[in-house]
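Results of the structural survey
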Amino acid sequence: MAEIAIETHDLGKRYTLGVSGRGYGTLRESLVEAVKKPLRRGSRSQEQPNQLWALRDLSLTIENGEVVGLIGHNGAGKSTLLKILSRITEPSAGYADVSGRVGSLLEVGTGFHPELTGRENIFLNGAILGMRRSEIRARFDEIVDFAELDKFLDTPVKRYSSGMSVRLAFAVAAHLEPEILLVDEVLAVGDASFQRKSLAKMSEVAQAGRTVVFVSHNLAIIQALCKRGILLERGEVQADGTVNHVLDRYLAELERASEADLVEREDRDGRGWRQTLLKRVEMIDSGGQANAVIGGRPAKLIVEVTELMPGLECRATIANSLGQPIATLDSEISAPADARDPELGPLIECEIPTVPMLPGRYRIDVVVKANGVYQDGLQGATFFDVEPGVMEGRPMPSHGSEGSVAFPHSWRLPP
Amino acid sequence: MLKPMETETPQSLAAIELPVAPETIRLQPSRGFSRVLSPPELWRYRDLALQIAMRDITIRYRQTALGGAWAILQPIGFMVVFSLIFGNVAGISSNGLPYPLFSLGALVPWVFFANSMLLGSESLVSNAALVSKIYFPRIFIPAGPIVAGFVDLAISTVILLAIAVIWGYPPGVAILTLPLLIAIAAAAALGVGSALAAINVRFRDVKYVVPFAIQLWLFITPIVYANSSIDQPWRTISAINPMVGVVEGFRWATLGTGDAPWTLIGISAASAVVLFVAGLAYFDRVERSFADFV
């Protein structure tokens, strides 16, 4: 068995940014390009203005049996690297040597056909993920058991709830036995108990000596599963080493980025339409101090955007320092106390009567929409500290206690 | 670059499962022809090819009230309209055959060809989720509708033969040429369909051109009229349209009348091979960029 599973050498991937912004131009543009092309020969190194290197000069060696977490901001090149390694797209420069059968879980449920039944989809999806028909047949019962869907096997998948189809998809994927497994952000699915089950399955795979390359925004999962971490930044390797070392580096970088002007940040979510951008995100305590609040006291989340647009909505996810979400504040789920204030300007405010959190450092990921259209999203838009306070008369433990949540409670004890 | 600190993974476990040393694949920018025309690669993914074909067969008529009857309803519908307009009103010569039978004999292979090409040209875009998430030889995608079309073609051919027998035109030995004729139609459909599918990835104009082009193509193919009603040399030259040989051959093979149109079949077969090779070659050239554009 080869010692090295994946070796890349000066790997690069260049994307041409289409004029339409969606990657394909018109027939006419392309004909014009074709005429121009011979004139440009010989000046290949010349930089084209509308070209973007999603990966650049990437040289990595991943040994057999290593479980590697890829870490980085949006647009750092993590998904592009996985796409090249799984042969979905070709590199534009350099090469990658891959030894062994590659299985990729780039999106759970890819290739499900809604008209086909659960049973038919297991075979189709298994084949898509690279399993032989005989392998699928051998593991069929296991897959069905794992998905807990035996009663619905002969029902078309379009009648499944989203939770059911995700369970089925993950069950198929989890029973894949490739030598190299590429995983992109797939564990954030299903209900809590299914997530636990999926995570257990993943760590089983990780411990069975398979090579796994893992991408997730949930740093706690990366920390739990991976031994080695690789931090990518603008398509280049920034740090490579033990997962803890690399995570520390990444978190420090994330904090540094949140201090910069938000409008300037380049790690925005690629799905946003960007007609309005996040400009300022702050957690303010009752005294007006930014990004340091006291547990048990009121606070206010302020989100400023560049353009005032009709129907602005905001969703803020508060995560602990490892990126594990602990709460989501979502204006689209409305309550009677919510109001639209014409005087407010391009500003969204969220009142928090009591901060129900234990002391520590927290991160806020923010998404804004306008009339239901996704506009902009930033992970780690800001960081804030919670200082120890008092919750309903009970002092909070200071830093280092277990958990993140402080809830009001009282005891009754025997004398 | 830092090396990982801990590497005490139980390699023995994996080694037991994998008696054969895995081969190494080099992924790099490629030039020229590479993947589609590589039989080992196609063979390696044979299970997926089978599953995609099965899927296309299964979903074709799922949740339709009439199901597989659609395979024959489409040619029959054309036959009725053509018989009324061209057979009765326009009085077009049908080589002495009853006009409905004359047109149905041509419509059966035509509908197979037209549907294969139409569905093939849309296939990459409608399977965008698959193409942008998973690697496999992309040619399976436009080939799927053709395989599914074989099922329809089998049903409609059997019904055509039954009608012909009832009408008093039993087929002769010529029926043995059907596989050859079907192969010509399939090769042409795959060549044209896959090239159109590849162009469709970049330019969605294809979506508007194809249905229109298929209608025109129907009229330059001797379906409502007989090839023999065209003057020479065009009668023979027209066979560079591969469907000319297929359609005339199908009539001869299933209705058991007239002379064997071997010249037409020969020219059409050659033309189909050219379309097949050219279509696949183009597909192969652009295949690697599908995921970036679709």
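Just so we're clear, the structure is a prediction, and the values are computed from it rather than from any experiment. Throughout this document, residue positions are counted from 1 along each chain, in the order its sequence is written. In the order they appear in the text, chains get letters beginning with A and ligands get numbers beginning with 1. The predicted nature of this model means local features are confined to residues of pLDDT at least 70 and side-chain atom pairs, given and counted, to a pLDDT of 80 or more, with totals for whole chains, interfaces and linings taken over all residues.

Points about unusual backbone geometry
The peptide bond linking Q232(B) to P233(B) adopts the cis configuration, its omega dihedral lying at 0°. To qualify as a helix, a DSSP run of H or I must reach at least 4 residues; to qualify as a strand, a run of E must reach at least 2; elements of each kind are numbered from the N terminus. Here P233(B) shows up in the loop between α9 (206–220) and α10 (234–237). Although it is not a glycine, R234(A) adopts a positive phi angle of roughly 50°. Tracing the chain through its elements places R234(A) in the loop between β8 (228–233) and β9 (236–242). Accessibility expressed as a C-beta count within 10 Å gives 17 for R234(A), which makes it partly exposed. Although it is not a glycine, R274(A) sits at a positive phi angle of roughly 60°. Inspection of the secondary structure assignment puts R274(A) in the loop between α8 (243–259) and β10 (278–285). Buried means a residue has 20 or more other C-beta atoms within 10 Å of its own C-beta, exposed means 12 or fewer, and partly exposed covers the counts in between; C-beta atoms are placed from the backbone.

Notes on the environment of V206(B)
Residue and element names in this part refer to chain B. Turning to its location among the elements, V206 is positioned in helix α9. Assessed through the 19 C-beta atoms surrounding it within 10 Å, V206 is described here as partly exposed. Residues V206 and I139 lie 67 residues apart in sequence; the distance between their C-alpha atoms is 18 Å. In this structure, V206 is in contact with S121, L196, I199 and N200, ignoring residues within four places of it in sequence. Contacts are defined on C-beta atoms placed from the backbone: any two residues whose C-beta positions lie within 7 Å are in contact.

Details of helix α4 (residues 70–89) of chain B
Residue and element names in this part refer to chain B. Here the expected length of a helix is defined as 1.5 Å per residue gap, with one fewer gap than residues. The terminal C-alpha atoms of α4 lie 27 Å apart, and with 20 residues this matches the ideal 28 Å at 1.5 Å per residue to within 8%. Its axis deflected by about 35° at F82, α4 carries its strongest bend there. Those residues of α4 not exposed but buried are A71, I72, P75, I76, F78, M79, F82 and S83. Within two residues after α4, G91 carries a phi angle of roughly 60°, on the positive side. Bend angle per residue: angle between axes fitted to the 7 residues ending at that residue and the 7 residues starting there.

Concerning the nonpolar core
With 150 residues, the main nonpolar core has L85(A), F214(A), A185(B) and A188(B) as its most contacted residues. Ranked by residue count, the leading element in this core is helix α8 (residues 178–202) of chain B, at 15 residues. With near-sequence residues (within four places) excluded, L85(A) lies in contact with I6(A), A96(A), V98(A), V102(A), L182(A) and V213(A). Grouped together as the second largest cluster of nonpolar side chains are 28 residues, L278(A), L312(A), V355(A) and V367(A) included. We define a nonpolar core as a collection of buried residues of the types Ala, Val, Leu, Ile, Met, Phe, Trp, Tyr and Cys that are connected via C-beta atoms lying within 7 Å of each other.

Remarks on the domain arrangement of chain A
Residues and elements named next belong to chain A. Throughout, the edges of the domains are those of an automatic or database domain assignment. When cut into domains, chain A gives domain 1 (4–40 + 48–251) and domain 2 (264–395). Taken together, the contacts link nine residues of domain 1 with ten residues of domain 2. Along the lines of polarity and charge, the residues of the side of domain 1 that touches domain 2 split into three nonpolar, six polar and no charged. In this count, Pro and Cys sit with the nonpolar residues alongside Ala, Val, Leu, Ile, Met, Phe, Trp and Tyr, while Asp, Glu, Lys and Arg are called charged and the others, Gly among them, polar.

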